[in-house]
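Overview (structure and organization)
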Amino acid sequence: MHVRPSRDDVVRTNSHPFSEVLLIMPRSGDHFEHFRPHTRHKHLILKEYFSAWGHKLGLRNGAGDVILYVDACAGRGADDLGNQGSPLIAAVAAGAAAANISQRRQRPFGIHVLAIESNRSHASQLADVLAPFGSTVRVLPGTLEEHLGSILSEYADTPALFFIDPFGLEPLKAELIRAALDGDRREALLLFADQAALRHFGAIIAEDTRAERRYRSATTALPLFPDLTPINAGALAQAASQSRAQLEITRENALRIMNAAFGNEHWLPKLEAVPSADRRVAFLRLYTERLIEWGARYVLPIPVVDATGTHAYTLIHAAKSAKGYAAMKEAVAYALRHSPLPEAVVHRMRFAVASDLDSVEASVRDRFAGQTVRWAEDASNRTAACVRNFLLEETPAFPFEFDELKARLNDHRNRGRVITFSLPERSPHVD
Ligand SMILES: C[S@@+](CC[C@H](N)C(=O)[O-])C[C@H]1O[C@@H](n2cnc3c(N)ncnc32)[C@H](O)[C@@H]1O
């Protein structure tokens, strides 16, 4: 099967025959021709989460009348085949959720959608796609950086979800994410292009280019023929010097983008100290730490793999509430159940987020020791603790692990239609 190259492909500067340096350039040209399966997988997560988020905020005690969704890299709204893109998914889901919540509350409830797009042609196509939704769904041409100040003052105390889905890392600036997360009930779903981060890192630490190495090896004197010089030495020297100049530019760009994403330059020595095989995980760990510094309380990394089985990027959900964290895990599980990706890829993604069930089981036994507790929420008493909510909100477990966890607790299951467990007291600690 032929699969188009992925976003942020490394593109060779082959406009010049001697150029050797890799440029890190986003490839957006084919993204909107047809959304590839892993993009549609991402859209399933967004659609499912969006509805849960709206209902969670609209139906909570003390809820206000408006919540805000900001699609900070909104795109065109749909691909050429008519598959819905993120702002259209949000606009449709916002309309449905707002109507449902208004009816249940017997009071108007609105979900406003702001779709920011820097590419003029994309923004204009998006404006056409979103026109039928009326004044609560707006397209803002430009960047999040340009609009964030006015958004935050217009929606000062409004709960908001920011979806930041760029090609590459450049729009993911620390100061923006920090400002977006600053406030009660603010959360973000970010596409962290970890492969691009690794390539930026590679460019930053590169000592020389292939053209420089080729020139050096061609011009190193051979012991038996010390006077022999290659006939193309001049061309090799020129190629080496051009590639050096290009490397310097690439390095500067990479440093600027990465320092802006992490908020300062302290990330670099930390990454340098990590063996190359562990660097992707190290990037995610470091970025998670940053999100927590910027106000997130729950951070969920969601690896996304493309149809060929290649890791594409990591979505990262930065939430303030356990309910948001739990809802995102449900949305991830939903997308894995309905994914357009091949089963082997889905299996790999499920495996990548799977939790340590021994440790999760121990947490349940510890939390509910000596108690009888329901598995599922009691509709007549939603604040009462139950195992399912505990698993979602307080442990790393995903819904697709629940059958296994129920089986592990089966010895303590009570008879009856409603599933309850009576868990034993903690055994005394023995040194
Ligand atoms: C991956 S596409 C977005 C796809 C869209 N979120 C979806 O799921 O359907 C990235 C889009 O962000 C736009 N973009 C890139 N940098 C941006 C920035 N700094 N601010 C706003 N939009 C940006 C690009 O023009 C492109 O349309």
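1. So, the overall build of the protein chain
On a plain count of helices and strands, the protein chain comes out with 15 helices and eleven strands. Considering only C-alpha atoms, the protein chain reaches an extent of 95 × 65 × 40 Å along its principal axes. The 431 residues of the protein chain split such that 37% are buried. Taking as baseline every contact in the protein chain between residues at least 6 positions apart, the subset at least 24 positions apart corresponds to 71%.

2. Notes on the sheet that holds strand S3 (residues 66-71)
In spatial order, the strands read S5-S4-S3-S6-S7-S9-S8; together these seven strands make up an open sheet with mixed pairing. Whereas interior strands pair on both sides, the edge strands pair on one side only; in this sheet they are strand S5 (137-141) and strand S8 (298-305). Strand-to-strand twist of the sheet, defined as the mean angle between neighbouring strand axes without regard to direction, takes the value 15 degrees. This element, helix H2 (residues 86-105), spans S3, strand S4 (110-117), S5 and strand S6 (160-164) of the sheet and lies at about 170 degrees to S4. In the packing of helix H5 (residues 174-181) onto the sheet, contacts are made with S6, strand S7 (186-192) and strand S9 (311-319), and the angle to S7 comes to roughly 150 degrees.

3. Description of the site of the ligand
Neighbouring residues of the ligand: 19 residues in total, closest Cys73, Gly75, Gly85, Ser86 and Pro171. Of the residues assigned to the shell around the ligand, the class counts are eight nonpolar, nine polar and two charged.

4. Description of unusual backbone geometry
We note that Gln106 has phi near 60 degrees; this positive angle belongs to a residue other than glycine. Here Gln106 shows up in the loop between H2 and S4. Even without being glycine, Arg185 reaches a positive phi, approximately 55 degrees. Within the secondary structure, Arg185 sits in the loop between H5 and S7.

5. Observations regarding the packing of helix H6 (residues 194-205) against helix H10 (residues 279-293)
Between H6 and H10, the shortest axis-to-axis distance is 10 Å and the interhelical angle comes to 110 degrees. Here H6 is positioned roughly perpendicular relative to H10, judged by the angle of their axes. Between H6 and H10, the residues in contact are Asp194, Ala197, Leu198 and Phe201 and Arg279, Arg280, Phe283 and Leu284, respectively. A breakdown of the residues in the contact of H6 with H10 according to their chemical character gives five nonpolar, no polar and three charged.

6. Looking at the domain arrangement of the protein chain
Domain annotation of the protein chain identifies domain 1 (37-197 + 259-353) and domain 2 (357-422). Centre-to-centre separation of domain 1 and domain 2, based on C-alpha positions: 30 Å. In this assembly, eleven residues from domain 1 lie in contact with seven residues from domain 2. The greatest single-element share of the side of domain 1 that touches domain 2, amounting to nine residues, is contributed by helix H11 (residues 322-338). Of the residues in the side of domain 1 that touches domain 2, the class split is seven nonpolar, no polar and four charged.

7. A word on the packing of H11 against helix H14 (residues 387-394)
It is the contact of H11 with H14, at a shortest axis distance of 7 Å, that shows an interaxial angle of 95 degrees. Comparing the axis directions of H11 and H14 gives the class roughly perpendicular. Across from Ala322, Lys323, Tyr325, Ala326 and Lys329 in H11, the residues of H14 making contact are Asn389, Leu392, Glu393 and Glu394. Counted by class, the contact of H11 with H14 contains four nonpolar, one polar and four charged residues.

8. Notes on the environment of Thr136
Summarising the element assignment, Thr136 is placed in the loop between helix H3 (120-130) and S5. On the basis of neighbour counts, which here come to 16 C-beta atoms within 10 Å, the residue Thr136 falls in the partly exposed class. The spacing of Thr136 and Ser51 is 85 residues in sequence and 16 Å in space, taken between C-alpha atoms. Discounting chain neighbours no more than four positions away, the residues touching Thr136 are Gly110, His112 and Val113.

9. Focus on the environment of Val346
Relative to the helices and strands, Val346 resides in helix H12 (residues 343-353). Sequence separation between Val346 and Ala335 is eleven residues; the distance between their C-alpha atoms is 9.3 Å. Non-local contacts of Val346, meaning those with residues more than four positions away in its chain, are made with Leu336, Ser339 and Leu341.

10. Regarding the pairing of S5
Relative to S5, S4 is paired through five bridges, and the arrangement is parallel. Bridging across to S5, Ala115 finds its partner in Val139. Remark: the S4/H3/S5 crossover connection has right-handed handedness.

Calculation rules
- Residues numbered from 1 in each chain as written.
- Predicted model: local features only at pLDDT ≥ 70, side-chain atom pairs only at ≥ 80, totals over all residues.
- Helix = DSSP H or I, 4+ residues; strand = E, 2+ residues; numbered from the N terminus.
- Buried ≥ 20, exposed ≤ 12 C-beta atoms within 10 Å, placed from the backbone.
- Contact = placed C-beta atoms within 7 Å.
- Pairing = 2+ DSSP bridges.
- Axes fitted to C-alpha atoms, helices over the stretch in contact; angles between N-to-C directions.
- Near = placed C-beta within 6 Å.
- Nonpolar A, V, L, I, M, F, W, Y, C, P; charged D, E, K, R; others polar.
- Parallel < 35°, antiparallel > 145°, perpendicular 65-115°, else oblique.
- Domains from an automatic or database assignment.
- Right-handed = clockwise from strand over helix to strand, strands pointing away.

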